[in-house]
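# Structural characterization, general
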Amino acid sequence: LNRFFNGVRSANKAVLIALYAVIIAVCFVAVIFRYVLNDSLTWAEELSRYLFIAMVFLGAAYVVPEDGHLRMDVIYSSLPRRFRRAIDVLTVCCAVFFLAYATKALWIGVVLVGRQRWSSLPLPMRWAYLPMLVGAILSLVYLVEIVLRNFWPSSQGIQRGDQGPMDEVKPS
């Protein structure tokens, strides 16, 4: 299972890097066209906006295993380990519930936009919604990894990381 989760994270990282490179290239070309050639590209702003949205949702999923989302840590770190563990379990349960609901809602959204087109490009609108759905599904996959790593570390072949969600906070 470690190979599976590492492969998913590597693919997610590669897509994020590619999205970032494409956004930079599209914005660069748009600036050249607007200020050097005096001709604006109508599609560049829309494409870069949807690529940025995709990068946000896929990036939000990418940081789940690293415990990279913001949280208020002052009270949490002063609690005893068993209370922190209870808060971690509650947090994961709430996240799974929210992401499951979001996945369902995003699936409905992808189906509803159907054959609608972008305003400046002949692309189906579902391509703008699809990264949000993939990001929610990836977040769920990463939460499953967290649960397996922290509750069944030896029986599932998942090696526990040095520090991540639900691991003991090490004083610095």
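Cut-off values and rules
- Residues numbered from 1 in each chain as written.
- Predicted model: local features only at pLDDT ≥ 70, side-chain atom pairs only at ≥ 80, totals over all residues.
- Heavy atoms only, no water.
- Helix = DSSP H or I, 4+ residues; strand = E, 2+ residues; numbered from the N terminus.
- Buried < 20%, exposed > 50% of the residue type's maximum accessible area, 1.4 Å probe, protein only.
- Contact = heavy atoms within 4.5 Å.
- Areas by Shrake-Rupley, 256 points an atom, 1.4 Å probe, with all protein chains shown as cover.
- Expected span 1.5 Å × (residues − 1).
- Core = buried A, V, L, I, M, F, W, Y, C linked by side-chain atoms within 4.5 Å.
- Disulfide = S-S within 2.5 Å.
- Salt bridge = Lys/Arg side-chain N within 4 Å of Asp/Glu carboxyl O.

## A few points about the overall build of the protein chain
Secondary structure assignment for the protein chain yields five helices and zero strands. Traced from its N-terminal end to its C-terminal end, the protein chain shows the element sequence α-α-α-α-α. Within the protein chain, the proportion of its 172 residues that are buried is 35%. Partitioning the contacts of the protein chain with sequence separation of at least 6, the portion at a separation of at least 24 is 65%. Accessible surface, the protein chain: about 11,200 Å² in total, of which carbon and sulfur atoms supply 68%.

## Some points on helix H4 (residues 81-113)
When the terminal C-alpha atoms of H4 are compared, their 47 Å separation across 33 residues agrees well with the 48 Å that a helix rising 1.5 Å per residue should span. Residues of H4 that are buried include every one of Arg-84, Asp-88, Val-92, Leu-99, Ala-102, Thr-103, Leu-106, Gly-109, Val-110 and Val-113, and no others. Along its buried surface, H4 packs onto helix H3 (74-78) and helix H5 (126-151).

## Describing the nonpolar core
By size, the foremost hydrophobic cluster in this structure holds 33 residues, and its most contacted members are Leu-19, Leu-47, Trp-118, Met-125, Leu-138, Tyr-142 and Leu-143. Put simply, the parts of the chain that give this core at least two residues each are helix H1 (2-35), helix H2 (42-62), H4 and H5. If you tally residues by element for this core, the top one is H2, at nine residues. Among all residues touching Tyr-142, those that are not within four sequence positions of it are Val-8, Arg-9, Asn-12, Ala-61, Tyr-62, Val-64 and Pro-65.

## Section: the side chain of Thr-103
Positionally, Thr-103 belongs in helix H4. Filtering out sequence-adjacent residues up to four positions away, Thr-103 remains in contact with Leu-133, Ala-136, Ile-137 and Leu-140.

## Focus: the state of the cysteines
Per the stated rule, a full pass over the model turns up zero disulfides. Unpaired in this structure, Cys-93 has its nearest cysteine sulfur neighbour in Cys-94, at a distance of 7.0 Å.

## Details of the pattern of salt bridges
Applying the stated criterion across every chain yields a total of three salt bridges. For Arg-49, the salt bridge goes to Glu-45, with nearest N and O atoms at 2.7 Å. Pair noted here: Arg-49 and Glu-45 are both in helix H2, with a separation of four residues, about one helical turn. On the accessibility criterion, Arg-49 (35% relative accessible area) is partly exposed.

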